[in-house]
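Chain by chain, the residues run as shown.
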Amino acid sequence: MSKKQFLKRYSLIINKLRKSASSFEEIQKYLEEQSINDEENYAISIRTFQREIKEIATTHNIEIKYFRSENVYKIIDDCNDERNERLMESLEIIEALKISSTLSNRLIFEKRKTSETNILSYLMEAIKNRNEIHFSYINYWSEESADSKRKVQPLGLKEAKNRWYLIAKDLKDNRTKTFGLDRISNLEIKNITFEYPVNFNPEDMFSHSFGIMSEDNKKPQKIILSFSKKQENYIKSLALHHSQKELINNEKEYRIELFLQPTYDFVMELMSIGAEVKVLEPESLKKEMIEKLEATLKRYK
């Protein structure tokens, strides 16, 4: 059995037990049904199943336990973190791609560059082994040379808006920065190791950021937004930020509170929502939005 089939079977077992506690016979029947649907073989013996629930605990941080009195297996510890959810999602995409040729134009995938993922594994290896890396980088915002050489110490990776970014210490000025993978070329992993910064946590760096931007001159602050009622379900289903809290929900408006840095990418997100959102606080952000909207109107005159 291929590695992909093992992962798919793990996924099926987890999904089955997330829905309800099940006996081995019920799990076995479910796997047989899925084998027919996928034209694969997920059949499993009790001995293999017992071995694989140990593997699931290691690879997915999900603990499955057998309750003899009920003759069922249950998930008793499910971290349900983003890494596991992304793994499950990837397996479903693989299955979708397998049948896409038979559905012709009925499966429509977003047309976007995938080249940035080609270097993802190399960067992960460099981060793991603490290897310095050198590359050419195109910076859209800087006044320096559009294509500059960089020497950095890789510290982490972050995804935002379907793009991947490298978090690294730039050896030119010893500042921690982000670099879009789609703008990196001529990547070299050097046989030069470095010490990982003590107490550095990449997640902390972006805890008050909307996306990938973190501006030193902008402190995180309370932001209150009022949305039209028809925006309610969108904002509920895909929160703007992990700090999002509901304040008012009535027939006239859906109001929320956030605590973050009002960076450029956050302002652009609000601009994209248009007339369906209004900034109530702080006054500085409200003023910035008005200036942006007025500038937009001038372009049409």
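Structure first, text after, so check above.
Residues numbered from 1 in each chain as written. Predicted model: local features only at pLDDT ≥ 70, side-chain atom pairs only at ≥ 80, totals over all residues. Heavy atoms only, no water.

Engineer: Would you mind showing me how to read the overall build of the protein here?
Structural biologist: Each helix and strand counted, the protein has 9 helices and 11 strands in total. Considering the protein as a whole, with its 301 residues, one finds that 37% of them fall into the buried category. Long-range pairs, those at least 24 residues apart, make up 57% of the contacts in the protein with a sequence separation of at least 6. Accessible surface for the protein amounts to roughly 19400 Å². Of this, 49% is attributable to carbon and sulfur atoms. (Helix = DSSP H or I, 4+ residues; strand = E, 2+ residues; numbered from the N terminus. Buried < 20%, exposed > 50% of the residue type's maximum accessible area, 1.4 Å probe, protein only. Contact = heavy atoms within 4.5 Å. Areas by Shrake-Rupley, 256 points an atom, 1.4 Å probe, with all protein chains shown as cover.)

Engineer: I would appreciate a short explanation of the packing of helix α8 (residues 264-273) against helix α9 (residues 283-298) in the present structure.
Structural biologist: When two helices pack together, their arrangement is captured by the angle between the axes and the distance separating the axes. With their axes 11 Å apart at the nearest point, α8 and α9 run at an angle of 60° to one another. Compared by their axis directions, α8 and α9 come out oblique. As for the relative orientation of α8 and α9, their crossing is right-handed in sense. Where α8 approaches α9, its residues Y264, F266, V267, M268, L270 and M271 are matched on the opposing element by L285, E288, M289, K292, L293 and T296. (Axes fitted to C-alpha atoms, helices over the stretch in contact; angles between N-to-C directions. Parallel < 35°, antiparallel > 145°, perpendicular 65-115°, else oblique. Left-handed = near helix turned anticlockwise from the far one by under 90°.)

Engineer: So what exactly am I meant to see when it comes to the pattern of salt bridges here?
Structural biologist: A side chain of one charge can pair with a side chain of the opposite charge if their charged atoms are brought near each other. Going through the model one piece at a time under the given rule, you end up with 14 salt bridges. Here K177 makes a salt bridge to D170, at a shortest N to O gap of 3.1 Å. Across the pair, exposure class does not vary: K177 and D170 are buried alike. Note that K229 and E232 form a salt bridge whose closest N and O atoms lie 2.7 Å from each other. K229 gets classed as partly exposed once you look at its relative accessible area, which sits at 31%. (Salt bridge = Lys/Arg side-chain N within 4 Å of Asp/Glu carboxyl O.)

Engineer: Quick question: what am I supposed to make of the sheet that holds strand β8 (residues 221-227) here?
Structural biologist: Pairing between the strands of a sheet is mediated by backbone hydrogen bonds and can be parallel or antiparallel. Ordered by their spatial adjacency, 4 strands build an open sheet running β9-β10-β8-β11, and the pairing between neighbours is antiparallel. The open sheet is flanked by β9 (245-249) and β11 (277-281), the only strands paired with a single partner. Taken over all neighbouring pairs, the strand axes of this sheet differ in orientation by 25° on average, direction set aside. Bridging between β8 and strand β10 (residues 254-260) involves 7 bridges; their strand directions are antiparallel. (Pairing = 2+ DSSP bridges.)

Engineer: Help me understand the environment of I53, please; the structure alone is not making it clear to me.
Structural biologist: Summarising the element assignment, I53 is placed in helix α3 (residues 46-60). Residue classification places I53 among the buried positions, given a relative accessible area of 12%.

Engineer: Just checking my understanding: could you explain the nonpolar core for this structure?
Structural biologist: Where a protein is soluble and globular, its nonpolar side chains tend to be buried together. Within the largest apolar cluster, 18 residues are counted, with the highest numbers of intra-cluster contacts made by L225, F227, I256, L258, F266, L270 and L285. Residue assignment for this core shows that the elements contributing at least two residues are β8, β10, α8, β11 and α9. Discounting residues that sit within four places of it in the chain, F266 has contacts with F210, I223, L225, L258, L260, Q261 and L285. Membership of the second largest hydrophobic core comes to 17 residues, among which are I13, L17, I44 and I62. (Core = buried A, V, L, I, M, F, W, Y, C linked by side-chain atoms within 4.5 Å.)

Engineer: Help me understand the side chain of E232 in this model?
Structural biologist: Here E232 lies in helix α7 (residues 232-237). In this structure E232 comes out as buried when scored by relative accessible area, which is 10%. At 2.8 Å, the side chain of E232 and the side chain of K236 are in polar contact. Excluding anything up to four places from it in sequence, E232 contacts N249 and Y254. (Polar contact = N/O pair within 3.5 Å; in protein donor to acceptor, adjacent residues only side chain to side chain.)

Engineer: Help me understand unusual backbone geometry in this model?
Structural biologist: The phi torsion of most residues other than glycine is negative, and most of the peptide bonds are trans. Residues E281 and P282 are joined by a peptide bond in cis, for which omega reads -5°. Phi is positive for N186, close to 55°, though the residue is something other than glycine. Mapping N186 onto the fold places it in strand β7 (residues 184-193).

Engineer: Can you walk me through the side chain of S209 in this structure?
Structural biologist: Mapped onto the fold, S209 is located in the loop between α6 (202-205) and β8. Excluding residues within four positions of it along the chain, S209 makes contact with S214, H241 and Q261.

Engineer: Please clarify how the environment of T59 should be interpreted in this entry.
Structural biologist: Tracing the backbone through its elements, the reader meets T59 in helix α3. Overall, the relative accessible area of 28% leaves T59 in the partly exposed class. Through-space distance from the C-alpha of T59 to that of Y10 is 9.6 Å; in sequence the pair is 49 residues apart.

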